[in-house]
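# Remarks on the overall topology
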Amino acid sequence: MLRPDLAVIAANVAPGSRVLDVGCGDGTLMQALRDDKRCDARGMELDSHDVGVCVGKGLSVIQGDADKDLAFYPDQSVDYAILSQTLQTTMRPDIVLEELLRIGRRAFVSFPNFAHWRVRLSLLWGGRMPVTRLLPVPWYATPNIHHLTVEDFRELVKERGIKVEGAWFLSGDKQCSAAAANFRAEHAVFLLSR
């Protein structure tokens, strides 16, 4: 079963597409796209253990760093470049986003929304960085180095002249409306293009 943001992405990738999943983890999304949608799915993953898991599933994955290694991919070489729950862990999210849109005709980006009401409440009442079901580790152990919100992301894509073709917002495991998404959504998924 796919994580909710991955299920949204999988449902909106056209069958038979060429896909690059950057930060593909254990390859769950790639496997679903390959098996269910006959996609030519390839991946890049920093963690060597996860690369091994992917290879064990028969997936085409290389070990690489999104901050450095995307530059080696040719322009417009895939239909979709996917970055799920990884943007906030990169050194320069703005540059990584530009690289995704150079490599892919479209890009899916999903990320945790650090303006969700539970995060705000945790900061307000506890005065500490939140630990929640979806952000389960303390601040000093988290891979998240850029805490972005839905509104921060919307502003970034607007500044860069990037077109938003679709946006989905998740609260828990369910989709919620775009109304007040910056406050209500725990996660966001955007489909982008130039």
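Here's a quick rundown of the structure. (Residues numbered from 1 in each chain as written. Predicted model: local features only at pLDDT ≥ 70, side-chain atom pairs only at ≥ 80, totals over all residues. Heavy atoms only, no water.)

One non-glycine residue with positive phi stands out, namely Gln85, at about 55 degrees. By secondary structure assignment, the location of Gln85 is in the loop between strand E4 (78-84) and helix H5 (93-103). A residue is classified by how much of its surface remains accessible, and Gln85, at 18% relative accessible area, is buried. A positive phi angle, close to 60 degrees, is found at Ala180, a residue other than glycine. Following the sequence through the fold, Ala180 ends up in the loop between strand E7 (174-176) and helix H8 (181-184). Given a relative accessible area of 48%, Ala180 falls into the partly exposed group. (Helix = DSSP H or I, 4+ residues; strand = E, 2+ residues; numbered from the N terminus. Buried < 20%, exposed > 50% of the residue type's maximum accessible area, 1.4 Å probe, protein only.)

With that settled, consider the pattern of salt bridges. Tallying each qualifying case throughout the model produces 13 salt bridges. Residue Arg160 pairs with Glu98 through a salt bridge whose shortest N-O separation is 3.3 Å. With Arg160 in the loop between helix H7 (150-159) and strand E6 (163-171) and Glu98 in helix H5, the pair connects residues that are 62 residues apart, well separated along the chain. Judged by relative accessible area, Arg160 falls into the partly exposed class, the value being 33%. (Salt bridge = Lys/Arg side-chain N within 4 Å of Asp/Glu carboxyl O.)

Checked against the element boundaries, Asp35 lands in helix H2 (residues 28-37). For Asp35, a relative accessible area of 44% translates into the label partly exposed. C-alpha separation for the pair Asp35 and Ile62, spaced 27 residues apart in sequence, amounts to 20 Å. A polar contact is formed between the side chain of Asp35 and the side chain of Arg34, at a distance of 2.8 Å. (Polar contact = N/O pair within 3.5 Å; in protein donor to acceptor, adjacent residues only side chain to side chain.)

On to a nonpolar patch on the surface. Together, Trp117, Leu121, Leu124, Trp125 and Phe183 make up a nonpolar patch on the protein surface, roughly 590 Å² of accessible area in all. No other element matches helix H6 (residues 117-126), which puts 4 residues into the nonpolar patch. With respect to the helices and strands, Leu124 occurs in helix H6. (Patch = residues over 30% accessible without salt bridge, like charges linked within 9 Å, V, L, I, M, F, W, Y side chains within 5 Å. Areas by Shrake-Rupley, 256 points an atom, 1.4 Å probe, with all protein chains shown as cover.)

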